[in-house]
Amino acid sequence: MRCADARAAIEEIVDANRETSPDPALRDHLNSCNSCAEYFSQFHRIWQALSAYPSVEPSPNLILRTKSRLQRNGSRTDSRFSWHVVAGWQWMTVSACIMILCAVLFLSQHTSPLVPQIDTAQIDAADDKLLQDIEQSLSQLEENGSLADYDSWSGAYLETAIQELPQAPASKPAQNGRGPL
Amino acid sequence: MGSQNSDLDLMAAVQRGDASAFEQLLVKYNKNIVNFIYKFVNNIGEAEELAQEVFLKIYMARHSYEPRAPFSSWLYRIAANEGIKAAVKGRRLFFRSRRRDTGEHENILESIPDVRQNAEHTLAGNETAQIVQKAISSLPKKEKLAIVLRRYQGLSYEEIAEVMNCTEGAVKTYIHRGKLRLREFMLPYIAKGLI
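Since the structure is predicted, the reported quantities are computational estimates derived from the model, not experimental observations.

1. Quick look at the environment of Thr20 of chain A
Residue and element names in this part refer to chain A. With respect to the secondary-structure elements, Thr20 resides in the loop between helix H1 (3-15) and helix H2 (24-32). Looking at Thr20, the relative accessible area reads 54%, which means it is exposed. Thr20 sits 10 residues away from Ile10 along the chain, and the two C-alpha atoms are 9.3 Å apart.

Structure, rendered in structure tokens:
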């Protein structure tokens with residue numbers, strides 16, 4: 001048996017709190033190899049020495065104190081705890097969906113301040129007022145005969161404007177008989 | 001196995017609302033848990049407080065317990081978390097107060113007297129117990145946890161793997177490394193015949 005294999009086996013023996021090895025090959029090796037025999041002795045003594053770690057005795061009233069603390073904390077959070085256990089992630093998902101829905105509704109009702117609000121009702125009212133004023137003015141003009149003058153004035157103005165326009169030169173016919181295009 | 005079955009039966013009763021069943025578990029494991037946590041914090045008052053926390057957490061989470069693993073594995077996992085957290089917190093407070101007292105960032109490990117330098121010095125109280133306590137405290141937390149669960153709580157490799165949330169092979173490795181460190185720490189004392 002090689003020393004590396006022997007040492008691995010030694011650790012298992014020590015771990016199992018055995019004094020000797022059931023493996024005859026390992027026993028033979030320990031009898032013949034001083035180094036491994038020393039290794040086994042050291043590990044055995046160390047593992048046994050660990051029992052010397054001081055053991056403590058809990059206070060006599062520790063269990064009572066623990067029970068009273070359990071009663072204090074258990075009753076306060078029991079209902080919440082069972083609710084949490086039952087609902088779990090389902091409630092969180094439902095809550096998240098409700099919050100998203102509320103956010104969407106809120107945003108849809110309140111437009112962004114960058115987009116100007118157009119009050120169509122007010123514009124319609126203003127248009128109606130303007131039309132009424134125009135109608136009223138026209139009816140007044142019609143009553144006092146000014147409308148005919150206005151109409152004739154605009155017609156005379158247009159005739160004068162047309163006469164004053166520079167005369168456009170007459171277009172030459174195309175040599176190939178086709179038009180300019 | 002018989003003990004595990006009784007633990008499962010008791011937990012099932014606790015889940016049904018039987019408070020006396022939980023009291024039975026409390027009586028059964030109270031001392032074990034206090035001693036287990038004591039190996040991390042080395043203070044019996046703190047170990048008792050943390051043991052209360054452990055049982056409180058067990059009780060509050062009783063409905064989420066599923067009997068896939070032994071009850072003791074679940075119990076020790078919670079106890080290990082509490083013990084390790086307290087040990088880390090205690091170490092931080094110790095280093096902080098030392099830094100405040102000395103006013104310099106000295107290497108605190110160098111200031112802890114190393115009894116190995118003078119193995120013939122007579123130690124107050126049980127020398128072997130102090131040596132063993134110091135040796136166990138010097139282990140890294142995973143090796144320490146594996147060694148303590150195996151050597152002091154008597155858990156199997158499978159149960160330790162459940163507690164530590166690792167494979168049995170990893171548990172064996174932690175225990176192997178822990179033993180090598182213990183041997184390295186204790187060799188001077190073995191040579192002097194103190195162990």
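2. What to know about the side chain of Lys179 of chain B
Tracing the backbone shows Lys179 of chain B in helix H9 (residues 168-191). Residue Lys179 of chain B is classed as buried on the basis of its relative accessible area, which comes to 4%. Leaving out residues up to four positions away in the same chain, Lys179 of chain B has contacts with Glu11, Asp15, Phe43 and Trp47 of chain A together with Ile147 of chain B.

3. Looking at unusual backbone geometry
Residue and element names in this part refer to chain B. For Asn42, which is not glycine, the phi dihedral falls at a positive 55 degrees. Within the secondary structure, Asn42 sits in the loop between helix H2 (19-41) and helix H3 (44-60). Taking the relative accessible area as the measure of exposure, Asn42 reaches 32% and is therefore partly exposed. The backbone of Asn165 sits at a positive phi, close to 55 degrees, despite the residue not being glycine.

4. Some words on the packing of aromatic side chains
Scanning the entire structure with this criterion turns up 11 aromatic pairs over all chains. Aromatic pair Tyr53 of chain A and Tyr38 of chain B: ring centres 6.5 Å apart, planes at 90 degrees, arrangement edge-to-face. A residue pair is termed interchain when its members come from two chains, as with Tyr53 of chain A in the loop between helix H3 (34-49) and helix H4 (62-87) and Tyr38 of chain B in helix H2. Of the two residues, Tyr53 of chain A and Tyr38 of chain B, both sit in the buried class. An aromatic cluster is built from Tyr29, Tyr65, Phe71 and Trp74 of chain B, whose rings are joined through pairwise contacts. The residue whose ring lies beneath Lys39 of chain B is Tyr152 of chain B, and the NZ or CZ to ring-centre distance is 4.5 Å. Sitting over the face of the ring of Tyr157 of chain B, Lys172 of chain B holds its NZ or CZ atom 5.3 Å from the ring centroid.

5. Details of the nonpolar core
Residue and element names in this part refer to chain B. In this structure, Ile33, Phe36, Ile37, Phe71, Ile136 and Met186 are the most contacted members of the largest nonpolar core, which totals 82 residues. Element by element, the count of residues in this core is highest for H2, at 12 residues. When sequence neighbours within four positions are dropped, the list of residues in contact with Phe36 reads Tyr76, Ala79, Ala80, Leu145, Val148, Leu149 and Gln153.

6. Looking at the interface of chain B and chain A
Taken together, the contacts link 42 residues of chain B with 33 residues of chain A. The largest contributions to the chain B side of the interface with chain A come from Gln52, Arg151 and Lys179 of chain B, which together make up 19% of the buried area. For the pair chain B and chain A, the interface holds 6 salt bridges. The salt bridge partner of Glu57 of chain A is Lys31 of chain B, with a shortest N-O separation of 2.9 Å. Summed over the shared surface of chain B and chain A, the number is 17 residue pairs in polar contact (both at pLDDT 80 or more). Elements supplying a minimum of two residues to the side of chain B that touches chain A: H2, H3, helix H6 (127-137), helix H7 (141-151) and H9 of chain B. Per element, the largest residue contribution to the side of chain B that touches chain A is 10 residues, and it comes from H2 of chain B.

7. Thoughts on the pattern of salt bridges
Enumeration according to the criterion identifies 13 salt bridges over all chains in this entry. Its salt-bridge partner being Glu48 of chain B, residue Arg65 of chain A comes within 3.4 Å of it at the nearest N-O pair. Separated into two different chains, Arg65 of chain A in helix H4 and Glu48 of chain B in helix H3 make up a pair that spans both. Using a relative accessible area of 5% as the deciding quantity, one classes Glu48 of chain B as buried. Of the charged contacts, one joins Lys85 of chain B and Glu82 of chain B as a salt bridge, the two residues approaching to 3.6 Å between their closest N and O atoms. Separated by 3 residues within a single helix, Lys85 of chain B and Glu82 of chain B lie in helix H4 (residues 71-102), roughly one turn from each other. Accessibility expressed as a relative area gives 8% for Glu82 of chain B, which makes it buried. Linked by salt bridges that have partners in common, Asp15 of chain A together with Arg150 and Lys179 of chain B make up one network.

8. Considering the packing of H3 of chain A against H9 of chain B
For the pair H3 of chain A and H9 of chain B, interaxial distance at closest approach is 10 Å and the crossing angle is 95 degrees. Classed by the angle they form, the pair H3 of chain A and H9 of chain B counts as roughly perpendicular. Counting all contacts with H3 of chain A, which are made through Tyr39, Gln42, Phe43, Arg45, Ile46 and Trp47 of chain A, the residues of H9 of chain B involved are Lys179, Leu180, Leu182, Arg183, Met186, Leu187 and Ile190 of chain B. In terms of residue class, the contact of H3 of chain A with H9 of chain B is made up of 9 nonpolar, 1 polar and 3 charged.

9. Looking at the confidence of the model for chain B
All names here are of chain B. Scored by pLDDT, chain B has a mean of 84; 80% of the residues are at 70 or more. When pLDDT is averaged over each helix and strand of chain B, the minimum, 43, is found for helix H5 (residues 108-111) and the maximum, 95, for H7. A low-confidence stretch, residues 103-125 stays under pLDDT 50, and its non-local contacts, those more than four residues away or across chains, total 26 contacts.

What counts, and where the lines are drawn
- Residues numbered from 1 in each chain as written.
- Chains lettered and ligands numbered in written order.
- Predicted model: local features only at pLDDT ≥ 70, side-chain atom pairs only at ≥ 80, totals over all residues.
- Heavy atoms only, no water.
- Helix = DSSP H or I, 4+ residues; strand = E, 2+ residues; numbered from the N terminus.
- Buried < 20%, exposed > 50% of the residue type's maximum accessible area, 1.4 Å probe, protein only.
- Contact = heavy atoms within 4.5 Å.
- Phe/Tyr/Trp six-rings, centres within 6.5 Å; stacked < 30°, edge-to-face > 60°.
- Lys NZ or Arg CZ within 6 Å of the ring centre and 35° of its normal.
- Core = buried A, V, L, I, M, F, W, Y, C linked by side-chain atoms within 4.5 Å.
- Buried area = accessible area lost by both parts, 1.4 Å probe.
- Salt bridge = Lys/Arg side-chain N within 4 Å of Asp/Glu carboxyl O.
- Polar contact = N/O pair within 3.5 Å; in protein donor to acceptor, adjacent residues only side chain to side chain.
- Axes fitted to C-alpha atoms, helices over the stretch in contact; angles between N-to-C directions.
- Parallel < 35°, antiparallel > 145°, perpendicular 65-115°, else oblique.
- Nonpolar A, V, L, I, M, F, W, Y, C, P; charged D, E, K, R; others polar.
- pLDDT = per-residue confidence, 0-100.

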